[in-house]
Amino acid sequence: MEILSWGEIDEEHLAALTELAEACLEVDGGLPLFARPPLLRARLLQSYTLGAWHHGQLVAAVGVGNTAPPATVAQGPATATGLVHPRWRGRGLGTRLISWADQRAGDADLLLTTETWSAAGERLFTAHGLHLTFSESVLRHHLDVVPAVPRPETVVTEPVTAETGADLFATYCAAFADRPGFVRPEADEWLGELREDDEYRPDLSLLARGPDGQAVGFVNIVGTWIDQVGVVPAWRKRRVGAYLVASVLRSLAAENAREAWLCVNDDNPAGELYRRLGFTDAGRRARYLLRRA
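This text gives an overview of the structure that appears in the document. (Residues numbered from 1 in each chain as written. Predicted model: local features only at pLDDT ≥ 70, side-chain atom pairs only at ≥ 80, totals over all residues. Heavy atoms only, no water.)

Another aspect to go through is the environment of Leu132. By the element assignment, Leu132 lies in strand E6 (residues 131-142). In the structure, Leu132 is positioned 10 residues away from Glu122 in sequence and 8.5 Å away in space, judged by C-alpha atoms. Dropping the residues within four chain positions of it, Leu132 is found in contact with Glu122, Ala286, Arg287 and Tyr288. (Helix = DSSP H or I, 4+ residues; strand = E, 2+ residues; numbered from the N terminus. Contact = heavy atoms within 4.5 Å.)

Structure follows, in structure tokens:
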């Protein structure tokens, strides 16, 4: 192996981290937001960091957080995210990053997050005893052609406003209550996170109402991302979700956006609907857990 220089990474290396993330996304696909500073900081500039350099280029990096000293009991799993430049794979760097993260985790379980998944990476994680706990597809829609979905009879839509926040939250809860693992959040917390997001688009986000005026579905837009789509159980299989998605795609296209994005859990049957509407696969993201005996 060529000689590498190993050391901590920090904020001053953000440009190098961005270049490394972009190289991995170009080859593997995945969450494009990973190459932006907020998510890079959250994933890789954690409590402990390690990077490998070759002639001034960052070729591998890992961040580990939420750890406790080995002699103590951790309150939750240690979290880790690592990257190896595509040109440097197959040389043992991934194994070194995982082993280093495992040591920093101490007695805590280790939760590894990857925003740019690859089959080779999964084989590596599995070989080190990590088990898949979550995976979702990243889907992209080129907006040169948008789908035409007729409006369901008796359904009307309206933009989200401050006055309809309570209805939006209630519809979200009703639509997601039957999802495995759903935990109902506090209304103020859930709505507050939306309002505090600088890219949240309430003007493009929509509520769908039935003939009695009750909200039956919703879609939230953040930037050019379809952040959440939900339909209450009694109104499913009536094209409400498809109509909401097609409507926001049309709105984004009217603003000259080139593409729209969304993520969908691999176990969610809505993935088939999105692909029928013209979304195509652009990679995956996943989480793997190493439990201590």
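Let us look at the packing of helix H1 (residues 14-28) against helix H2 (residues 37-44). Direction vectors running N to C along H1 and H2 enclose 95 degrees, while the axes themselves pass 11 Å from each other. Accordingly, the angle class assigned to the pair H1 and H2 is roughly perpendicular. Between H1, through Leu14, Leu17, Thr18 and Ala21, and H2, the contact on the second element is made entirely by Pro37, Leu40, Arg41 and Leu44. When its residues are assigned to classes, the contact of H1 with H2 shows 6 nonpolar, 1 polar and 1 charged. (Axes fitted to C-alpha atoms, helices over the stretch in contact; angles between N-to-C directions. Parallel < 35°, antiparallel > 145°, perpendicular 65-115°, else oblique. Nonpolar A, V, L, I, M, F, W, Y, C, P; charged D, E, K, R; others polar.)

Turning our attention to the pattern of salt bridges. Pairs can form between side chains of opposite charge whenever their charged atoms are close. Inspection of the entire model under this criterion finds 15 salt bridges. Note that Arg36 and Glu199 form a salt bridge whose closest N and O atoms lie 2.9 Å from each other. Of this pair, Arg36 sits in the loop between H1 and H2 while Glu199 sits in the loop between helix H6 (187-196) and strand E8 (206-209), placing them 163 residues apart in sequence. A residue is classified by how much of its surface remains accessible, and Arg36, at 39% relative accessible area, is partly exposed. Two residues, Glu136 and Arg285, come together in a salt bridge whose shortest N-O distance is 2.5 Å. (Salt bridge = Lys/Arg side-chain N within 4 Å of Asp/Glu carboxyl O. Buried < 20%, exposed > 50% of the residue type's maximum accessible area, 1.4 Å probe, protein only.)

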